[in-house]
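Breakdown of the fold
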Amino acid sequence: MSRTADSAPEIRRIAVIGGGAWGSALALTAARAGRDTVLWARDAETVAAVASGRGNPVYLPDIPFDARVAATTDLAEALEDADAALLVTPAQTTRAMGAAIAPLARPGLPVVLCAKGIERETGLLPAEVLAEAAPACRAAILSGPSFAADVARGLPTAVTLAAEDGELADALALALASPQFRPYASTDPLGAQIGGALKNVLAIACGAVAGKGWGASALAALTARGFAELSRLGLTLGARPETLTGLSGLGDLVLTCSSPQSRNFAFGMALGEGRTVAELAATGKLAEGVYSAAVAVDLAARHGVEMPIAAAVADVLDGRLDVDEALQRLMTRPLRRET
């Protein structure tokens, strides 16, 4: 049974680990919700700007911080007396960051994983990686349709906050909630992670369609068929249907597959416009879906789940197909009844 706001354990101090756009936006969110908030970042200039109230001029330019956020480059200082931590570093760094947090965190510290992806080397989801790297911490997942700039500006946003322990999910949702930011608690962290990881891959395909100029009809069709793939794999792995059709599944997919504000959509759009993977890699701006595509397809294959769109993305990224060939392959698949 979910706890009420009166009986949920109070979370007063939140450490936000990661000084990028999303980490800074979530630090603002926690502060607006009335929590004592400290942001950890590697870059001393970012820390100085945040601590002075100027915000994050690199990742969130022109967005002043309207709430007090402390900042530090010292991870131990950030975690000292923290009641919860938000881990907001790229999904492929979860293992290294979990190992860094483990000796500094109090036993049982809730760590909310805010990046979306699948570990490339192991095929593990972020919560599984954290369980290996920091076994004394308790994992939760924050996922849903949310762009960092929108959240930082205080625009209305709703997300999923999932943990196996429903009371923990309730407490974390309560701690981050404000009139601008509404977290819906869930006890399906698996479903929240599957939705978050796969939408990144599918958004690359949708971006490529947009880059080719194929039109809104093709984009809508690809998004819908992508959701069918996401749902097939999620249900096979044990995710709940309501999670897959909720904020962290369908909601996040729709947002990510429709806007160049999404790094994954923008990456796919550049491919559709004729840029190569090597050219985009040279800019240092690879999207998370690039790392997750092949491992997602492998995961689906191990469970006998067909994911042609994700497979086409993986083939393009690995150089087996160009974008035109991949899109043509999808359009000439044998006709079948819709499932």
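Our structure's up above, just so we're on the same page.
Residues numbered from 1 in each chain as written. Predicted model: local features only at pLDDT ≥ 70, side-chain atom pairs only at ≥ 80, totals over all residues. Heavy atoms only, no water.

What follows covers the nonpolar core. Ranked by size, the top nonpolar core spans 48 residues in total, and within it Phe267, Leu271 and Leu317 carry the most contacts. Secondary structure elements with two or more residues in this core: α8 (189-212), α9 (216-237), α12 (263-272), α14 (288-302), α15 (308-317) and α16 (323-331). With 11 residues, the top contributor of residues to this core is α8. In this structure, leucine 317 is in contact with Ile204, Phe267, Leu271, Val277, Gly289, Val290 and Ala293, ignoring residues within four places of it in sequence. One finds Phe65, Val112, Val159 and Ala171 within the second-largest nonpolar core, a separate group that totals 40 residues. (Core = buried A, V, L, I, M, F, W, Y, C linked by side-chain atoms within 4.5 Å. Buried < 20%, exposed > 50% of the residue type's maximum accessible area, 1.4 Å probe, protein only. Helix = DSSP H or I, 4+ residues; strand = E, 2+ residues; numbered from the N terminus. Contact = heavy atoms within 4.5 Å.)

For the rest of this paragraph, the subject is helix α2 (residues 44-51). Within the sequence span of α2, burial applies to Thr46, Val47, Ala49 and Val50. Projected down its long axis, α2 shows its buried positions confined to an angular sector of 165°, all on one face. Structural note: α2 exposes Ala44 and Glu45 on the side pointing more than 90 degrees away from its buried face. Structurally, α2 contributes buried residues whose contacts are with β2 (36-40) and β3 (70-72). Just downstream of α2, glycine 53 is the residue with a positive phi angle, here 90°. (Arc of directions from axis to C-beta.)

So, on to a negative patch on the surface. There is a patch of like negative charges on the surface, built from Asp74, Glu77, Glu80 and Asp81. With respect to the helices and strands, aspartate 81 occurs in the loop between α3 (75-79) and β4 (84-87). In this structure aspartate 81 comes out as exposed when scored by relative accessible area, which is 62%. (Patch = residues over 30% accessible without salt bridge, like charges linked within 9 Å, V, L, I, M, F, W, Y side chains within 5 Å. Areas by Shrake-Rupley, 256 points an atom, 1.4 Å probe, with all protein chains shown as cover. Salt bridge = Lys/Arg side-chain N within 4 Å of Asp/Glu carboxyl O. Lys, Arg positive; Asp, Glu negative; His and termini not counted. Charge placed at Lys NZ, Arg CZ, Asp CG, Glu CD.)

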